[in-house]
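Commentary on secondary and tertiary structure
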Amino acid sequence: MTTYAQLQADFPGWAKRTDLAALIPGFVALFEARAGRKLRTRCQETSFAGTIASSVIALPAGFLAVKTLWADGGDNAALKAQGLEIVAATSTGGRPTLYAVGGSSVRFNGVGAVSGIYYAAVPSLVLTGTNWLSVQSYDAYLFGVLAEASMYQMDEQRAGVYLARADGVLQDVINTDSRDRFSGPLQSRTRVLPTRHYGVQSLAGSPAPAPAPVPAPAPAFSTYFAGDYAVADYVV
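Residues numbered from 1 in each chain as written. Predicted model: local features only at pLDDT ≥ 70, side-chain atom pairs only at ≥ 80, totals over all residues. Heavy atoms only, no water.

1. Here we look at helix α2 (residues 24-38)
Spelled out, the test is: The secondary structure listing takes helices from DSSP runs of H or I that are at least 4 residues long and strands from runs of E that are at least 2 residues long, numbered from the N terminus. How far a helix is expected to stretch is found by multiplying one less than its residue total by 1.5 Å. Three exposure classes are used, based on accessible area relative to the maximum for each residue type with a 1.4 Å probe and protein chains only: buried under 20%, partly exposed in between, and exposed over 50%. Note on contacts: a residue pair is in contact if any heavy atoms of the two residues lie within 4.5 Å.
End to end, α2 covers 21 Å across 15 residues, agreeing with the expected 21 Å (1.5 Å per residue, within 8%). Along α2, the positions that sit buried rather than exposed are Ile24, Phe27, Val28, Phe31, Glu32, Ala35 and Gly36. Buried-residue contacts for α2 involve α1 (4-15), β3 (63-71), α4 (125-128), α5 (132-136), α6 (138-152) and α7 (156-181).

2. A closer look at the packing of α1 against α6
Spelled out, the test is: Lines are fitted to the C-alpha atoms to define the axes, a helix being fitted only along its stretch in contact, and any angle between axes, read from their N-to-C directions, falls within 0 to 180 degrees. By definition in this entry, angles of less than 35 degrees are roughly parallel, angles greater than 145 are roughly antiparallel, angles of 65 to 115 are roughly perpendicular, and the rest are oblique. Note: crossing handedness is left-handed where the near helix turns anticlockwise from the far helix by less than a right angle, and right-handed where it turns clockwise.
Two numbers describe how α1 lies on α6: the axes approach to 10 Å, and their chain directions differ by 50°. Taken together, the axes of α1 and α6 are oblique relative to one another. Here the hand of the crossing between α1 and α6 comes out right-handed. Within the contact between the two elements, α1 uses Gln6, Leu7, Asp10, Phe11, Trp14 and Ala15 and α6 uses Tyr138, Tyr141, Leu142, Phe143, Val145, Leu146 and Ala149.

3. Structural notes on the pattern of salt bridges
Our working definition: Note on definitions: salt bridges are taken to be side-chain nitrogens of Lys or Arg within 4 Å of carboxyl oxygens of Asp or Glu.
Going through the model one piece at a time under the given rule, you end up with nine salt bridges. A salt bridge links Arg17 to Asp19, with the shortest nitrogen-to-oxygen separation between them at 2.8 Å. Its relative accessible area of 52% is what places Asp19 among the exposed residues. Residue Asp180 pairs with Arg179 through a salt bridge whose shortest N-O separation is 3.1 Å. Residue classification places Asp180 among the partly exposed residues on the basis of a relative accessible area of 32%. Connected through salt bridges with shared partners, the residues Arg42, Glu45, Lys67, Asp177, Arg179, Asp180 and Arg181 form a single ionic network.

4. So, the sheet that holds strand β7 (residues 113-120)
By definition, the strands of a sheet pair up through backbone hydrogen bonds, in either a parallel or an antiparallel sense. Our working rule: For two strands to pair, DSSP has to find at least two bridges joining them.
If you walk across this open sheet you meet the three strands as β1-β7-β3, and the pairing is antiparallel. Of all strands in the sheet, those bounded by a partner on one side alone are β1 (45-51) and β3. Here the strands of the sheet are splayed against their neighbours by 30° on average, with no regard to which way each runs.

As structure tokens, then:
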């Protein structure tokens, strides 16, 4: 279950309607717009390359957001995002150091070629028949389209149920991407703490204080009289 054709076949049974088939493309587009505002995953990362002309480079189709940009021929240091006013006010004749996204282009404060990575929108399922999101999480499409159809029918209760299901799947996609992006084998490390002849080294780096000496118990004694003398018996 990964294709648009499958979604078209499944929709009537879930929606309990057979007269909405012509509206499914619109429902799909609405769901994809919603998904595009939420998702920023590795599957959306796309290479960016262009040459600055009149301080700008046109944005590619399906652009959502910049992940990183750098000037070619330099040290590949990431350019810093700033407001359009700041970028325009700091224009130089050398390699750019700043950029700003505005309208349908990216403005830079320098000249030359620029490369990078941007997040692209989910490809239209209607046009492509299948895409990475339908393959990875078909249920996001199914519940998302059902939510849009329920809102079209002014059924707010059912729309809320399906919308919560669709958003839950999208959040699972985000969580899985974050987990896999930074996953790796666990590594154990052993730390050996130095010791000193007068005590054990503490975790803070200073020697642990030596224990206080335990005083010997005071001797107990009893006194008795023998004739004119008092005699004390010590008990140790």
